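Below are the chains, spelled out letter by letter.
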Amino acid sequence: MFTYELHLGDLQLNREEIYLNLGYGKTVPDEHVAEMLETVLLKAHLICRPRVGYVFCEGQLMDKNHLELNGVSFKTGPIINNYLQQSAHFAVFVATAGKGYDDYLHQLKKAGDIMDEFLADAVGSEIAEAAVRYVVEKITDEVAKKAFKITKPYSPGYCGWHVREQQQLFSLFPEEPCGIKLNTSSLMHPVKSVSGMVGIGPDVTETPYACDICGLPSCFKRKTTHQE
Amino acid sequence: MEIFPEYICKVRNKLSVFINLIYNKHIMSDLNNLYDAVLTGNLNLAVSTTQEAIAEGIAPQEIINGYMIKAMEEMGARFESGKAFVPNLLMAARAMKGSLDLLKPLLKGDTSASMGKVVIGTVKGDLHDIGKNLVASMMEGCGFEVINLGVDVSSDKFVEAVKEHNADIICMSALLTTTMNYMKEVVAAVEAAGLKDKVKIMVGGAPLSHSFASQIGADGYSDNANSAVQKAKELMSVNLN
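Residues numbered from 1 in each chain as written. Chains lettered and ligands numbered in written order. Predicted model: local features only at pLDDT ≥ 70, side-chain atom pairs only at ≥ 80, totals over all residues.

1. Notes on the environment of I18 of chain A
Residues and elements named next belong to chain A.
Here is step 1: Counting through the fold element by element, I18 comes out in helix α1 (residues 15–21).
Here is step 2: Each C-alpha atom, one on I18 and one on E126, is 6.2 Å from the other, the two residues being 108 residues apart in sequence.
Here is step 3: Once residues within four sequence positions are removed from consideration, I18 is found in contact with A122, V123 and E126. (Helix = DSSP H or I, 4+ residues; strand = E, 2+ residues; numbered from the N terminus. Contact = placed C-beta atoms within 7 Å.)

Pasting the structure below:
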């Protein structure tokens, strides 16, 4: 497994994503909220040590619903499998904001100030997403040496891939990869963690997520306007 | 000499009217500060103004209904029209809760003081916490009693909590398309426990919709914390009728 222990400065946080997580569409927070957000970001820089890692796997699409990686079967579903059609190889990855940030979230929750908790949660989500971008970039650089490209990353819990399959996904890593544990409901701790996979091959394309065909107009990840 | 007491009485009455006028103006001014404090989410000002109002002997219900709820309603309207955002809602709810915490002990025995009792949680298999906490916070800020069960909550836990706290409403949250279906199991468990007529069920979360809520037998759906409060109030009025 290739792993990286990072500082927050190693990641490219996208402020627009944070604003989106906070419920601002194309608007920016007012001065007071922006000030509070800066305080959270400053704290995050002090305590957050993100970690990412990935493993290359051999695999193949079994049918329109199933994928097999290193002999482990996944029911990824037709949406994801459609995007993996050209994949000759695969990589599975984990990315986390780390235990320090998780402890910070718990402290805020215990203190009972919903505003601080909300801001820190939005920042934590973006840290985890930025960590995913970091690890995907590392995989991209690595496979580029063989003139391969990669697909978009796909994660259990989205696009019809059930979250319980995180158990099988984690069987492809060493125990507790990057310090991430799974609970009995197959959910990750620290909570601000992401697991997933990418398809690899000479002809794969990075197809954008299909917001335009998805019927969930209220999805908070929606990037395109829903056509009624 | 007979006229003198009458004169004193007239002067005293006029003085009393004048003092009341000044006094009430002072109170009005302070409580308008409370309205502003809740609307702008200024917790410290909300708390200090409430403390002053209590010290002046103003009825808690007057403080709540006349100023705080009105401020939250204005905030809700601004949110719905896109002039305020989730953080503004939260700060207003936080200020309101700060004041309510001071007023609640004075309302003991007054059943009209609580809007209703809500059991809230993110369903089993889902760890997404914050959206549910936003709703919990808004509900508390608007006068509901909230029992927050946390995340990854099983149907048994929901049913037990309803029985234990004699709840009026269950609020369920899910952020994943793969966990939202668990809500149906909770509805079935509530029915199996014979509680469906006693408790209303509300659902929310990014992948949900009105039609999904209807399909699983929920009584209400909302896509944000503000409308969740409106829906809960609506369901409570149905409960009371």
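2. A look at the domain arrangement of chain B
All names here are of chain B.
Here is step 1: Looking at the assigned domains, one finds that chain B contains domain 1 (3–107) and domain 2 (114–240).
Here is step 2: Contributions of two or more residues to the side of domain 1 that touches domain 2 are made by α3 (60–80) and α4 (86–103).
Here is step 3: Looking at the side of domain 1 that touches domain 2, its residues break down into 9 nonpolar, 1 polar and 3 charged. (Domains from an automatic or database assignment. Nonpolar A, V, L, I, M, F, W, Y, C, P; charged D, E, K, R; others polar.)

3. With respect to helix α5 (residues 114–144) of chain A
Here is step 1: The end-to-end C-alpha distance of α5 of chain A, which contains 31 residues, comes to 44 Å, matching closely the 45 Å that a straight helix rising 1.5 Å per residue would cover.
Here is step 2: For α5 of chain A, the buried fraction is high: 22 of the 31 residues fall into the buried class. (Expected span 1.5 Å × (residues − 1). Buried ≥ 20, exposed ≤ 12 C-beta atoms within 10 Å, placed from the backbone.)

4. A word on the nonpolar core
If you look at soluble globular proteins, the nonpolar side chains tend to sit buried side by side.
Here is step 1: The biggest cluster of nonpolar side chains holds 136 residues, and the ones touching the most others in it are I127 of chain A together with V38, A92 and I170 of chain B.
Here is step 2: Looking at which element gives the most residues to this core, the answer is α5 of chain A, with 15 residues.
Here is step 3: Two domains each put at least three residues into this core: domain 1 (3–107) and domain 2 (114–240) of chain B.
Here is step 4: Aside from chain neighbours lying at most four places away, what touches I127 of chain A is L8, L11, L13, A44, C48, P50, A97, Y101 and K192 of chain A. (Core = buried A, V, L, I, M, F, W, Y, C linked by C-beta atoms within 7 Å.)

5. A word on unusual backbone geometry
Here is step 1: Of the consecutive residues H189 of chain A and P190 of chain A, the connecting peptide bond is found in the cis state with omega at 0°.
Here is step 2: The backbone phi angle of A147 of chain A is positive, close to 60°, even though this residue is not glycine.
Here is step 3: A residue is classified by how many C-beta atoms lie within 10 Å of it, and A147 of chain A, with 7 of them, is exposed.
Here is step 4: Phi is positive for N166 of chain B, close to 55°, though the residue is something other than glycine.
Here is step 5: Examined against the element boundaries, N166 of chain B turns out to sit in the loop between α6 (155–165) and β3 (169–173).

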